[in-house]
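Coordinate inspection notes
Here is what each chain is made of, one letter per residue.
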Amino acid sequence: MRTALTIAGSDSGGGAGIQADLKTMTMNGVYGMSAITALTAQNTMGVRSILEVTPDFLRDQLDAVFEDIVPDAVKIGMVSSGELIGVIAERLTVYHAKNVVVDPVMVATSGARLLREDAITSLTQKLLPMATVITPNIPEAEILTDHKIRDRGDMERAAKAIAETTGCAVLLKGGHSVSDASDYLYENGKGQWFEGRRIANPNTHGTGCTLSSAIASNLAKGFTLTEAAWRAKEYISGALSAQLDLGAGSGPMKHGFNLTGKFAEETKNV
């Protein structure tokens, strides 16, 4: 069985972070493992507190995984400090990690930056050049390029600029009023659009985590980046279309929408 590792924060509400990643990996046919960068106390209405792990403990988690079950792909999500980013980059180099997908979680839904300037520098200089693909949204791409993105042309130019700076492929996600639900992939000097449809569902918590984990899962299974991106978009569309509605705020998707079998039955059949 192919394997994938998520390096990210924990979401106590279960909709994002490693919880969303592991659900997504299971549903996309790989064995999921995790290295936690931070604990969060949060629900569908917001984050109450964050407890970051120490660099030594993060290093121990990474060593424990790579020394026993080597992942076929690695997804990296929320990493809040430059020191932790440095640990991840150093250990992934030591273990020659492959199929690295970086979701640069830099901006909160409210628009507030989640990374300090030193962490952003570490991210761009140490981690992004190691990636197979990075999956920024529009606000994050604006930080990485220091340019506003107002239309599809701006998205294309931003993805190309980031790819040329980092040396990796870029899947720039729409959905922030620029291109509705369409994403733009720039890889090896060529770009292509992944046209999507807006799904009327306000419960979108964890969509970025889910997309990047689905891409990592499919890369682990041997699909090309283009194939992995298409499969990931199809999966996330299904999870949104299932219209799960939990919590008082922006709730999670139904990651297990396509799960069948007697062990997945939601209620007892009487």
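Located above this text is the structure these notes cover.
1. Re the packing of helix α5 (residues 138–145) against helix α6 (residues 152–166)
- Running from amino to carboxyl end, α5 crosses α6 at an angle of 55°, the nearest separation of the two axes being 10 Å. Taken together, the axes of α5 and α6 lie oblique to each other. Two packed elements cross with a definite hand, and for α5 against α6 that hand is left-handed. The residues of α6 that touch α5, namely those facing I138, A141, L144 and T145, are M155, A158, A161 and I162.
- Considered class by class, the residues forming the contact of α5 with α6 number seven nonpolar, one polar and no charged.

2. Considerations on helix α7 (residues 207–220)
- Given a rise of 1.5 Å per residue, 14 residues ought to cover 20 Å, and the 20 Å separating the end C-alpha atoms of α7 matches this to within 8%.
- For α7, the tally of buried residues reaches 13 of 14 residues, placing the bulk of the element in the interior.
- Just beyond α7, the residue with positive phi is G222, at close to 100°.

3. Structural notes on the environment of G206
- Within the element layout of this structure, G206 appears in the loop between β9 (190–194) and α7.
- Between the alpha carbons of G206 and D11 there is a distance of 9.5 Å; along the sequence they are 195 residues apart.
- Sequence-distant contacts of G206, defined by excluding residues within four places in its chain, comprise G15, A16 and M253.

4. Quick notes on the environment of G174
- Among the secondary structure elements, G174 is positioned in the loop between β7 (169–172) and β8 (183–187).
- Take G174: its relative accessible area is 12%, and that puts it in the buried class.

5. Here's the deal with the side chain of S122
- Examined against the element boundaries, S122 turns out to sit in helix α4 (residues 117–127).
- Not counting chain neighbours up to four residues away, the residues in contact with S122 comprise G82, I85 and L127.

6. Side note on the environment of K126
- Looking at where K126 falls in the secondary structure, it is placed in helix α4.
- For K126, a relative accessible area of 44% corresponds to the partly exposed category.
- Apart from the residues within four sequence positions on either side, K126 is in contact with G86 and A89.

Cut-off values and rules
Residues numbered from 1 in each chain as written. Predicted model: local features only at pLDDT ≥ 70, side-chain atom pairs only at ≥ 80, totals over all residues. Heavy atoms only, no water. Axes fitted to C-alpha atoms, helices over the stretch in contact; angles between N-to-C directions. Helix = DSSP H or I, 4+ residues; strand = E, 2+ residues; numbered from the N terminus. Parallel < 35°, antiparallel > 145°, perpendicular 65-115°, else oblique. Left-handed = near helix turned anticlockwise from the far one by under 90°. Contact = heavy atoms within 4.5 Å. Nonpolar A, V, L, I, M, F, W, Y, C, P; charged D, E, K, R; others polar. Expected span 1.5 Å × (residues − 1). Buried < 20%, exposed > 50% of the residue type's maximum accessible area, 1.4 Å probe, protein only.

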